[in-house]
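# Overview (structure and organization)
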Amino acid sequence: MENENKYFWTKKDGDNVRLGLSKDAQDELGNVTYIDLPKAGSKLVAGDTFASIEAEKAVSDMPSPVIGTVVEVNPALKESPDALNGDWDEAWLLTLSESK
């Protein structure tokens, strides 16, 4: 299942789902300077805040568009949160196992 809403995209990644920041979100936020993401093993609930993103235009709490358990967080973002400013398809945040 691939899906994109205004701020996030989701894409099937094997048995998991990859969650990323959409081009619209990148454009609204501007250059990302810091991101706080949940750790592997954290459970996401749709609508609950799961991340905080600091950018040149705003600091935003991000509500989860999906339900699932975090399997992996994009390791590049820890040292270089500005990686979210590049190609939107590579601007992934985390990988989730789908909740049934």
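Everything below is about the structure printed above this text.
Let me begin by describing the structure that accompanies this report.

Conventions we followed
Position numbers for residues count from 1 along each chain, tracking the sequence in the order it is written. It should be noted that, the model being predicted, local features are given only for residues of pLDDT at least 70 and side-chain atom pairs only at 80 or more, the latter also being counted only at that level, while totals for whole chains, interfaces and linings use all residues. Water and hydrogen atoms play no part in the side-chain values, which are based on all heavy atoms of the structure. Two strands qualify as a pair provided DSSP detects at least 2 bridges between them. Here a strand is any run of E in DSSP of at least two residues, a helix any run of H or I of at least four, and the numbering for each starts at the N terminus. Note on geometry: axes are C-alpha line fits, over the in-contact stretch for helices, and angles between N-to-C directions span 0 to 180 degrees. Pairing of aromatic side chains requires ring centres within 6.5 Å, counting the rings of Phe and Tyr and the six-membered ring of Trp. Pairs whose planes differ by under 30 degrees are stacked, by over 60 edge-to-face, and all others tilted. Whether a charge lies above a ring is judged from NZ of Lys or CZ of Arg, which has to be within 6 Å of the ring centre and within 35 degrees of the ring normal.

What holds strands together in a sheet is hydrogen bonding between their backbones, with the strands either parallel or antiparallel. Read across the sheet, three strands follow the order S4-S6-S7 without closing on themselves; strand pairing throughout is antiparallel. Where the open sheet ends on each side, the last strands, each with one partner, are strand S4 (32–36) and strand S7 (59–63). Across this sheet, the average inter-strand angle for adjacent strands is 20°, counted without regard to direction. In this structure, S4 lies alongside strand S6 (residues 49–55), joined through four bridges in antiparallel fashion. For Ile35, the partnering residue across the bridge sits in S6 and is Ile53.

Turning our eyes to something else, we now look at the packing of aromatic side chains. Applying the stated criterion across every chain, the model contains one aromatic pair. For Arg18, the ring lying beneath its charged end belongs to Trp92, and the centroid distance is 3.7 Å.

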